[in-house]
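Each chain, written out:
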Amino acid sequence: MRWVVRRYDECVTAATEPTPPPDSSATRSGLVVLGAGFTGLAVVDRIAHIVDVTLIDKDPARLEPGLADPGATLLRGDGTSVLVLREAGVFEAAAFIACTADD
């Protein structure tokens, strides 16, 4: 990763290079659900047999095998982290659903 330094007036900020846009010729597929509570699990159970679903939650107890549909990919992490979202494939997903107390 290369750091780029940008200057705005007299302030200097450092930021990573912008992520290139996804290939528009690639077809988008899948669903990313943030939050493995009652609503998140209900969404996953209803749709996991139709499309690829990734479920993200910080609490490992909510991601125990058997709670969510076995076809769903379970990912433990903070949904506000770009690294976690990137690993979940949110930038290539067709849809993202936030099912947390602080949507």
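Before reading on, note that the structure itself is shown above.
My aim in this report is to walk through the structure given alongside it, one point at a time. (Residues numbered from 1 in each chain as written. Predicted model: local features only at pLDDT ≥ 70, side-chain atom pairs only at ≥ 80, totals over all residues. Heavy atoms only, no water.)

All right, on to the pairing of strand E4 (residues 53-57) then. Of all 5 residues making up E4, 5 are buried, and the element is well covered by its neighbours. The two faces of E4 match: Val-53, Leu-55 and Asp-57 on one face and Thr-54 and Ile-56 on the other face are all buried. With 4 bridges joining them, strand E3 (residues 31-34) and E4 adopt parallel strand pairing. Each residue of the ladder has a partner; that of Leu-34, found in E4, is Ile-56. Traced from E3 through helix H1 (residues 38-47) to E4, the parallel crossover comes out right-handed. Where E4 meets strand E5 (residues 73-76), 4 bridges bridge the pair, whose relative direction is parallel. Pairing of Asp-57 across the sheet is with Arg-76, part of E5. (Buried < 20%, exposed > 50% of the residue type's maximum accessible area, 1.4 Å probe, protein only. Helix = DSSP H or I, 4+ residues; strand = E, 2+ residues; numbered from the N terminus. Pairing = 2+ DSSP bridges. Right-handed = clockwise from strand over helix to strand, strands pointing away.)

All right, on to the nonpolar core then. Judged by nonpolar contacts, Leu-31, Val-33, Ala-36, Leu-41, Val-44, Ala-48, Val-53, Leu-55, Leu-63, Ala-68, Ala-72 and Cys-99 together constitute the single largest core of 12 residues. Put simply, the parts of the chain that give this core at least two residues each are E3, H1 and E4. Leu-85, Ala-88, Val-90 and Ala-93 belong to the second largest nonpolar core, which has 9 residues in total. (Core = buried A, V, L, I, M, F, W, Y, C linked by side-chain atoms within 4.5 Å.)

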